[in-house]
Amino acid sequence: MAFGDTETQPQTQTPEVVQAKKHDQNGVDKVSHFTPTICVSDSALKFTNVLYNLTPAELYEHALKYEEGSFITSTGALATRSGAKTGRSPRDKRVVKDATTQDDLWWGKGSPNLEMDEQTFMINRERAVDYLNCLDTVFVNDQFLNWDSENKIKVRIVSARAYHSLFMHNMCIRPTKEELENFGTPDFTIYNAGKFPCNRYTHYMTSSTSVDLHVARKEMVILGTMYAGEMKKGLFSVMHYLMPKRQILSLHSGCNIGKSGDVALFFGLSGTGKTTLSTDHNRYLIGDDEHCWSDKGVSNIEGGCYAKCIDLSREKEPDIWNAIKFGAVLENVAFDDHTRLVNYADKSVTENTRAAYPIEFIPNALIPCVGPHPKNVILLACDAFGVLPPVSKLNLAQTMYHFISGYTALVAGTEDGIKEPTATFSACFGAAFLMLHPTKYAAMLAEKMQIHGATGWLVNTGWSGGSYGSGSRIKLAYTRKIIDAIHSGSLLKTEYKKTKVFGLEIPSEVEGVPSEILDPVNTWSDKNAYNGTLMKLAGLFKNNFETFTNYKIGEDNKLTEEMLAAGPHC
Ligand SMILES: Nc1ncnc2c1ncn2[C@@H]1O[C@H](COP(=O)(O)OP(=O)(O)OP(=O)(O)O)[C@@H](O)[C@H]1O
Ligand SMILES: O=C([O-])CC(=O)C(=O)O
Ligand SMILES: [Ca+2]
Ligand SMILES: [Mn+2]
């Protein structure tokens, strides 16, 4: 059978579909049949076996047999390689500009949505579909997004690799047998051709990678990258379009809930601690990366977690460590040839090593992954300049200022000697996934925080005692104590003082954290260097915010004015 009717929406056809190869006692291939409704194309070159919603065990067998670089690690995870691309390719992400999207979407400066036309999309789509049709087998996953049962989205992922199928099996919500039988037509489909490139001579293409979204067709095409995060984050972009249309806010955040029912959101750019800090032994995990906030409360979009593994330690992150077992996908890690023990310190393939596992691999995950309205909204920044306080309490205007700024400063590779931290500003802590203008999401967040009385916090999970090179990263144990004090409410009761340039309210004490580190100035031996670095960072914030000064948030101008005043003064 084949995919991808280029003219029409999916038709009802009942081609023979091979669900999985089974072996009888004599080792002879037996085939089981299943017939999902999948469209047929004129571009079909031959019939392809569709491996439909295989189980992890079946996908392991496939990966180990046919996919180079696949191994079982000592704890039973499937180690895989994503090839040349070990991270997302944001400069290759395109969205079709048409009647549906031209007025609705965020285009132009700062927007992640590079435009393409319908014709080019169809060329890339045909290319992906033709490639998939040429393979002996393709994988199809039919799954769900969003634990909010009224706003569930049905997704279909067509891919070339067992690795991709297992990744999505883990990351999306897994249907029950009955749900799968009644799945019907998907709301959104991804055609992932993996390593097969786009043609650089095709209009709009600037490399051999292209990740293309067509909102009206409800389709995404991936060419020239095997990095599995493109599928996860591609669907997240789709949710950033669909959910706001239903007055639901989509969030690049982790989320957990305490025993007394208090919900916390953790916003932050990649590597700032969403997964690490939302995975908390004392609380129930709702999700680590993508959520919705509706009139009913919060819901996780996904069915799994995607944790960074670089320098992962059993002692500091036991729950994540233990989740890396049979069924988990481990990307681009190095391991011993014989013992298959993973060396998490090894960056030889990439610094962005990852584990993808179903959320129920975390023992205190809350299933279904939904909760009431958040009480705390925690903005995480990994400040490699070392001048932001480890924790500050924010008023609503400051929360909006920092949410729209979306600051972090990580240090990339450490191999080529000490490098200057580079500031990254990414609106709503996830500009790469936004479909509408950032102020739309910010206005929704402000309204929800106001209605439900949530408190905003800024937590620096980055450097203390100096910038990268002289200071060091704040101990995870201290950050956890800070987060504990936010959850328990004890941090609301302590005394605060206001910092000069950023006007941040910093507490005088936090249980379990040395008080002198709470004001970063105390931790720098060179006070001039501290002041200089602080002013430098303030300048970067101001520059970045200039593009947003002309936008209004909410109905009246009050919050906009307060927000503009809530940034650094220098
Ligand atoms: N003080 C700290 N607070 C939080 N994380 C820390 C701290 N010190 C070191 N780390 C490390 O920083 C990394 C945080 O990565 P994490 O996976 O939580 O990022 P993330 O925000 O979920 O990013 P992404 O959106 O890319 O998944 C982990 O490797 C963690 O061990
Ligand atoms: O999308 C990815 O590849 C990883 C991730 O969570 C992020 O970058 O926010
Ligand atoms: Ca994460
Ligand atoms: Mn993320």
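Sequence order sets the numbering: in each chain, residues are counted from 1 along the sequence as written. For this description, chains carry letters from A and ligands carry numbers from 1, given in the order in which they are written. Local features in a predicted model are, by the rule used here, given only for residues with pLDDT of at least 70; side-chain atom pairs are given and counted only at 80 or more, and totals for whole chains, interfaces and linings are based on all residues. Note: side-chain values were computed over all heavy atoms of the structure, leaving out hydrogens and water.

- If you look the chain up in an unreviewed UniProt entry, it shows as phosphoenolpyruvate carboxykinase (ATP) from Prunus yedoensis var. nudiflora.
- What UniProt states about the chain under its Pathway (unreviewed entry) heading is, verbatim, "Carbohydrate biosynthesis; gluconeogenesis."
- UniProt positions are given in the numbering used here, feature names are shortened, and annotations may be inferred rather than shown by experiment. A UniProt comment under Sequence similarities (unreviewed entry) is attached to the chain, and it reads "Belongs to the phosphoenolpyruvate carboxykinase (ATP) family."

## A word on a negative patch on the surface
Alright, step 1. Think of a patch as exposed residues, more than 30% relative accessible area, with no salt bridge, where like charges cluster within 9 Å and nonpolar side chains (Val, Leu, Ile, Met, Phe, Trp, Tyr) cluster within 5 Å. Values of accessible area rely on a 1.4 Å probe in the Shrake-Rupley scheme; residue burial ignores everything except the protein chains shown. By convention in these notes, a salt bridge is any Lys or Arg side-chain nitrogen within 4 Å of a carboxyl oxygen on Asp or Glu. Positive charges come from Lys and Arg, negative ones from Asp and Glu, while His and the chain ends are left out of the count. A single reference atom marks each charge: NZ on Lys, CZ on Arg, CG on Asp, CD on Glu. Side chains of Glu-447, Glu-555, Asp-556 and Glu-561 sit close together on the surface and give a patch of like negative charge.
Alright, step 2. Along the chain, Asp-556 falls in the loop between helix 11 (527-545) and helix 12 (558-565).
Alright, step 3. Taking the relative accessible area as the measure of exposure, Asp-556 reaches 48% and is therefore partly exposed. Under the DSSP-based scheme used, a helix requires at least four consecutive residues in state H or I and a strand at least two consecutive residues in state E, with every element numbered from the N terminus. When a residue's accessible area, from a 1.4 Å probe over protein chains only, is under 20% of the maximum for its type it is buried; when over 50% it is exposed; and in between it is partly exposed.

## A closer look at the coordination of the calcium ion (ligand 3)
Alright, step 1. Taken together, Thr-275 (OG1) and Tyr-306 (O) make up the full set of protein donors to the calcium ion (ligand 3), lying 2.1 to 3.0 Å away.
Alright, step 2. Because water is not among the atoms used, a metal site may look incomplete, as its donors are only the N, O and S atoms within 2.8 Å, or 3.2 Å for Na, K and Ca. The metal-metal distance between the calcium ion (ligand 3) and the manganese ion (ligand 4) is 4.9 Å. Here Tyr-306 lies in strand 18 (residues 304-308) and Thr-275 lies in helix 6 (residues 274-278), a separation of 31 residues in the sequence. Exposure class is identical for Thr-275 and Tyr-306. Each is buried.

## Side note on the pattern of salt bridges
For side chains of opposite charge, pairing can occur when their charged atoms come near one another.
Alright, step 1. The tally for this structure, following the rule as stated, stands at 21 salt bridges.
Alright, step 2. The closest approach of N and O atoms between Lys-296 and Glu-150, which form a salt bridge, is 3.5 Å. Taken as a pair, Lys-296 in the loop between strand 16 (290-294) and strand 17 (297-300) and Glu-150 in the loop between strand 8 (137-145) and strand 9 (153-159) lie far apart in primary sequence, 146 residues in all.
Alright, step 3. Classification of Lys-296 as partly exposed rests on a relative accessible area of 43%.
Alright, step 4. Between Glu-179 and Lys-152 there is a salt bridge, with its nearest N and O atoms 3.6 Å apart. In this pair, Glu-179 is assigned in helix 4 (residues 177-181) and Lys-152 in the loop between strand 8 and strand 9, connecting sequence segments 27 residues apart.

## Overview of the site of ligand 2
Alright, step 1. One heavy atom within 4 Å of a molecule or strand is enough for the residue carrying it to be called near that molecule or strand. Taken together, the residues surrounding ligand 2 are Arg-88, Tyr-227, Lys-232, Lys-233, His-252, Ser-270, Asp-289, Tyr-306, Arg-354 and Phe-433.
Alright, step 2. Within the side chain of Lys-233, one N or O atom sits 2.7 Å away from an oxygen atom of ligand 2.
Alright, step 3. A distance of 3.2 Å separates an oxygen atom of ligand 2 from a polar side-chain atom of His-252.
Alright, step 4. Contact with the protein chains removes 94% of the 260 Å² of surface that ligand 2 exposes when unbound.
Alright, step 5. Looking at the shell around ligand 2 residue by residue, the class counts come to 3 nonpolar, 2 polar and 5 charged. Pairs of N or O atoms within 3.5 Å make up the polar contacts considered here, provided that, within protein, one atom can donate a hydrogen while the other can accept it, and that residues adjacent in sequence are counted only when both atoms are side-chain atoms. When residues are sorted by character, Ala, Val, Leu, Ile, Met, Phe, Trp, Tyr, Cys and Pro go into the nonpolar class, Asp, Glu, Lys and Arg into the charged class, and all the rest, Gly among them, into the polar class.

## Here's the deal with the site of ligand 1
Alright, step 1. In the region of ligand 1, 20 residues are neighbours, and Ser-270, Lys-274, Thr-275, Glu-317 and Arg-354 sit closest.
Alright, step 2. Here an oxygen atom of ligand 1 and a backbone polar atom of Thr-272 are 3.5 Å apart.
Alright, step 3. Between ligand 1 and Gly-273, the relevant distance is 3.1 Å, taken from an oxygen atom to a main-chain nitrogen or oxygen of the residue.
Alright, step 4. Look at ligand 1: alone it shows 650 Å² of surface, and the protein chains cover 90% of it.
Alright, step 5. Mapped onto the shell around ligand 1, the elements with two or more residues apiece are helix 6, strand 18 and helix 10 (476-488).
Alright, step 6. Among the elements that line the shell around ligand 1, the one with the most residues is helix 6, at 3 residues.
Alright, step 7. Residue composition of the shell around ligand 1, grouped by class: 4 nonpolar, 9 polar and 7 charged.
Alright, step 8. The split of the chain into domains comes from an automatic or database domain assignment. Built from parts of two domains, the shell around ligand 1 gets at least three residues from each of domain 1 (90-361) and domain 2 (373-565).

## Structural notes on the packing of aromatic side chains
Alright, step 1. By convention, a stacked pair of Phe, Tyr or Trp rings (six-membered ring in the case of Trp) has centres within 6.5 Å and planes under 30 degrees apart, an edge-to-face pair has planes over 60 apart, and any other such pair is tilted. Enumeration over the complete set of coordinates arrives at 19 aromatic pairs.
Alright, step 2. Residues Phe-545 and Phe-548 carry aromatic rings whose centres are separated by 5.7 Å and whose planes lie at 55 degrees to one another, so their mutual orientation is tilted.
Alright, step 3. Owing to a relative accessible area of 4%, Phe-545 belongs among the buried residues under this scheme.
Alright, step 4. Judged by its relative accessible area of 9%, Phe-548 is buried.
Alright, step 5. Only when the NZ atom of a Lys or the CZ atom of an Arg is both within 6 Å of the ring centre and within 35 degrees of the ring normal do we say a charge sits over the ring. Above the plane of the ring of Phe-144 lies Lys-152, whose end atom (NZ or CZ) is 4.7 Å from the centre.
Alright, step 6. Sitting over the face of the ring of Tyr-496, Lys-393 holds its NZ or CZ atom 4.2 Å from the ring centroid.

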